[in-house]
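Structural features, examined
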Amino acid sequence: MKKLAFSAAILALTAGAAFADGHGRTIRMGTEGAYPPYNFINDDGEVDGFERVLGDELCARAGLTCEWVTNDWDSIIPNLTSGNYDTIIAGMSITDERDEVIDFTQDYIPPTPSIYVALSEDADLMGGVIAAQANTIQSGYIAESGATLLEYATPDETVAAVRNGEADAVFADVDFLTDITDEDDELMVVGDPVPLGGGVGMGLRETDGELLEMFNAAITSMKEDGTLNALLVEWFGDDIPTYE
Amino acid sequence: MFEFCAEPSTLDTWPWFACYLTNGVHLLFYQSFLTVLMLLAITAPVALAFGFVGAAASRSHIAPLRWLGKLYTSMVRGVPDIAFFLFFVIALDQALEWINHQIQCPDWDEPIRQGANFIVCQAAKIPLSSAPQWVHEVYNYFIAVFTFSIVFGAFAANVLFGAMRAVPRAQLETAEAYGMTRRQTFWRILVPQMWVYALPGLSNLWMILIKATPLLFLLGVEDIVYWARELGGSRTSQYAYPHPDWRLWYFLALLVFYLGFTRVSEIALTRITRRLSHGQATAGGEAQRKAAA
């Protein structure tokens, strides 16, 4: 029965092949869907956030058909290289380490600092327990800083760890954390902001040079006509650094 | 869902919850319960079939077939579930794409493996990247069901193999004395009698299978545990329904679901045991005979 359904599915898929070729390629946009306001699943169950709006606009400018896919942060790069989707657009900072495995477009969010958030002013940031999301530039920074790193798979869990006392503080992007501290009187920003990373860009497979050029051109055009700046201010507020 | 849900922030507690619990993401959450139940409904019989074939092969008189059956049960049982799920699914997916690639794009000259990248031509992608998202989801789902069936089939094969050996030798000898062939003895005497011996082992497997469904998320299928974690996490006013960390309540609901489901299973399994013991040369069958007399 299962086998039957399986071969039926394959038949249906191969039958669609001839049809699809005439329409060019559909670009599958991979995102995490758990990092407001960058990207999140809204109450209707759809991908929403700054990167949804940006990605749709970039696809429109490049004349591409795009489809949104969510994937766990931990396996977001392996699933790109194995071909489950074609781009990563998930608030991913451009780093040398990642650049060895995948290619990045130019940045569409300028480098922003990361901050610590804790329950009290006197939280020990240098020697205490700091929560950060696994496989991020923030977790890399904490591992080097001398504090004890406590890693979580999702951003939400890192904040929950501070609320329930498992960690002394959480270290993450300023735009993600300020949205939370604005609405929670118990949490506060402590210590100084730390400038990290080379801005946020889209990740693509290294073999996808043509697609990379299309997205780079689309980002450039959005930077030039000021729509990108307007979008940044709309989603991240007036404090976000913008492009000249 | 309801008309009064247009402005959630203005609602009282009860209408707010009525709207909250029926919004889009919650409907996906409820749907994932069906996903899990369907997985069980498909996997259980398919795994049983795999197990039956595996057990029959393991006691075959043809050596290569016997080796194959033994290899299947011992290999799959020996590999940790998580490793098997991560490795096998990716390997299966890439094998299918590779075969499809050889058929669709014979003139392709670039290497398929380029470092970590696995690149086949666009026409060979399964499913095609232009296919709608639900096709991708259905494909992932069936890969997941297939993988679950192989893993649990190996355990079932071992249980059935043991059960086949537990059928009293006298029964088979009698069949042979009546002039039945090997095939007849297998189907008419051995198979009908082995189930009562297999049942305790199979019911264990069923219980483990029920609880193993969160492994689905490893395979990219959004199951009930994924949604409970996702929905229970605290929400800022970026969302229409902001709330603090409610994961405890969501996981409590899952606890009730799983406990309820295992209880129902236990009742059903007890009934099946009673039915199968009827007229058998076991303690259970004997007890039934005495009670009736």
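Bear in mind that the values here come from a model prediction, so they are computed numbers and not experimental data.

What about the overall build of chain A?
From N to C terminus, chain A includes 10 helices and 13 strands. Its C-alpha atoms give chain A principal-axis dimensions of about 65 × 50 × 35 Å. Of all 244 residues assigned to chain A, the portion counted as buried reaches 55%. A sequence separation of at least 24 residues applies to 69% of the contacts in chain A between residues at least 6 apart. Carbon and sulfur atoms provide 51% of the accessible area of chain A, an area that totals close to 10,300 Å².

A word on the overall build of chain B
A count of helices and strands for chain B gives 10 helices and two strands. For 293 residues, the compact-globule estimate of 2.2 N^0.38 gives 19 Å, and the C-alpha radius of gyration of chain B, at 25 Å, exceeds that figure by more than 25%. Each principal axis of the C-alpha distribution contributes one length, and for chain B these read about 80 × 65 × 30 Å. Expressed as a percentage of its 293 residues, the buried residues of chain B come to 45%. Considering only intrachain contacts with a sequence separation of at least 6, the fraction spanning at least 24 residues in chain B is 67%. With 21 positive and 18 negative side-chain charges, chain B shows a separation of 21 Å between the mean positions of the two kinds.

A closer look at empty space enclosed by the protein
All names here are of chain A. Applying the stated criterion to the full structure yields three cavities of 30 Å³ or more. When its volume is computed, the largest cavity comes out at roughly 160 Å³. Around the largest cavity, the lining is made up of 18 residues, and of these Tyr-35, Gln-133, Thr-136, Gln-138 and Asp-173 lie nearest the centre. At the level of elements, β9 (129–133), α6 (137–145), α7 (155–163) and β11 (169–173) are the ones that each hand at least two residues to the lining of the largest cavity.

Examining the side chain of Glu-51 of chain A
All names here are of chain A. With respect to the helices and strands, the residue Glu-51 is situated in helix α3 (residues 50–62). Among buried Asp, Glu, Lys and Arg side chains, Glu-51 stands out as unpaired, with Arg-98 the closest opposite charge at 11 Å. Among the polar contacts made by the side chain of Glu-51, one reaches the side chain of Asn-39 at a distance of 2.8 Å. Look past the residues within four positions of Glu-51 in its chain and what remains in contact with it is Thr-31, Tyr-38, Asn-39, Trp-68, Ile-89, Ala-90, Gly-91, Tyr-108 and Val-200.

Observations regarding the state of the cysteines
Throughout the structure, instances matching the rule amount to three disulfides over all chains. Here Cys-59 of chain A pairs with Cys-66 of chain A through a disulfide, and the sulfurs are 1.9 Å apart. The S-S bond linking Cys-59 of chain A to Cys-66 of chain A shows a torsion near -90°; that makes this disulfide left-handed. Looking at Cys-66 of chain A, the relative accessible area reads 22%, which means it is partly exposed. Disulfide pairing places Cys-105 of chain B opposite Cys-121 of chain B at an S-S distance of 1.8 Å. On the S-S bond that ties Cys-105 of chain B to Cys-121 of chain B, the torsion sits near 75°, and the link is right-handed. Of this pair, Cys-105 of chain B sits in the loop between α4 (81–104) and β1 (113–114) while Cys-121 of chain B sits in the loop between β2 (117–118) and α5 (133–166), placing them 16 residues apart in sequence. Cys-121 of chain B shares its class with Cys-105 of chain B; the two are buried. Shown here for chain B is a disulfide pattern of 1-2, 3-4, where each number marks a bonded cysteine counted in sequence order.

A short note on the sheet that holds β11 of chain A
Residue and element names in this part refer to chain A. Pairing is mixed across the open sheet formed by five strands, whose spatial order is β10-β9-β11-β8-β12. Of all strands in the sheet, those with a lone pairing partner are β10 (148–152) and β12 (188–195), marking the two edges. With direction set aside, neighbouring strand axes in the sheet form an average angle of 30°. Pairing geometry for β9 and β10, over five bridges, is parallel. Considered in β10, the bridge of Ile-130 is made with Leu-149. Helix-sheet contacts for α6 involve β8 (113–118), β9, β10, β11 and β12, and the interaxial angle to β11 is about 135°. Contacts from α7 reach β8, β9, β10 and β11, with the element oriented near 160° to β9.

Structural notes on the nonpolar core
Grouped burial of nonpolar side chains is what soluble globular proteins tend to show. Ranked by internal contacts, the top residues of the largest apolar core, which has 119 residues, are Phe-50, Leu-54, Tyr-108, Ile-109 and Phe-215 of chain A together with Phe-29 and Phe-148 of chain B. What Phe-50 of chain A contacts, discounting residues up to four positions off in sequence, is Pro-37, Tyr-38, Tyr-108, Ile-109, Leu-228, Leu-231, Leu-232, Trp-235 and Phe-236 of chain A. Within the second largest apolar cluster, 13 residues are counted, among which are Leu-125, Ala-169, Val-190 and Leu-196 of chain A.

Some remarks on the confidence of the model for chain A
Per-residue confidence for chain A averages 87 on the pLDDT scale, and 90% of its residues sit at or above 70. Note that residues 1–23 of chain A has pLDDT below 50 and, in this model, 20 contacts with residues that lie over four places away or in other chains.

Some thoughts on a negative patch on the surface
Residue and element names in this part refer to chain A. Where like charges cluster on the molecular surface, the negative patch consists of Asp-96, Glu-97, Asp-99, Glu-100 and Glu-206. Tracing the chain through its elements places Glu-97 in helix α5 (residues 96–99). Looking at Glu-97, the relative accessible area reads 65%, which means it is exposed.

Rules behind the numbers
Residues numbered from 1 in each chain as written. Chains lettered and ligands numbered in written order. Predicted model: local features only at pLDDT ≥ 70, side-chain atom pairs only at ≥ 80, totals over all residues. Heavy atoms only, no water. Helix = DSSP H or I, 4+ residues; strand = E, 2+ residues; numbered from the N terminus. Buried < 20%, exposed > 50% of the residue type's maximum accessible area, 1.4 Å probe, protein only. Contact = heavy atoms within 4.5 Å. Areas by Shrake-Rupley, 256 points an atom, 1.4 Å probe, with all protein chains shown as cover. Rg over C-alpha atoms; globule rule 2.2 N^0.38 Å. Lys, Arg positive; Asp, Glu negative; His and termini not counted. Charge placed at Lys NZ, Arg CZ, Asp CG, Glu CD. 1 Å grid on protein atoms, 1.4 Å probe; cavity = no way out; pocket = protein on both sides within 12 Å on 5 of 7 lines; lining within 4 Å. Points joined across faces, edges and corners; volume = space filled by probe spheres on them. Salt bridge = Lys/Arg side-chain N within 4 Å of Asp/Glu carboxyl O. Polar contact = N/O pair within 3.5 Å; in protein donor to acceptor, adjacent residues only side chain to side chain. Disulfide = S-S within 2.5 Å. Pairing = 2+ DSSP bridges. Axes fitted to C-alpha atoms, helices over the stretch in contact; angles between N-to-C directions. Core = buried A, V, L, I, M, F, W, Y, C linked by side-chain atoms within 4.5 Å. pLDDT = per-residue confidence, 0-100. Patch = residues over 30% accessible without salt bridge, like charges linked within 9 Å, V, L, I, M, F, W, Y side chains within 5 Å.

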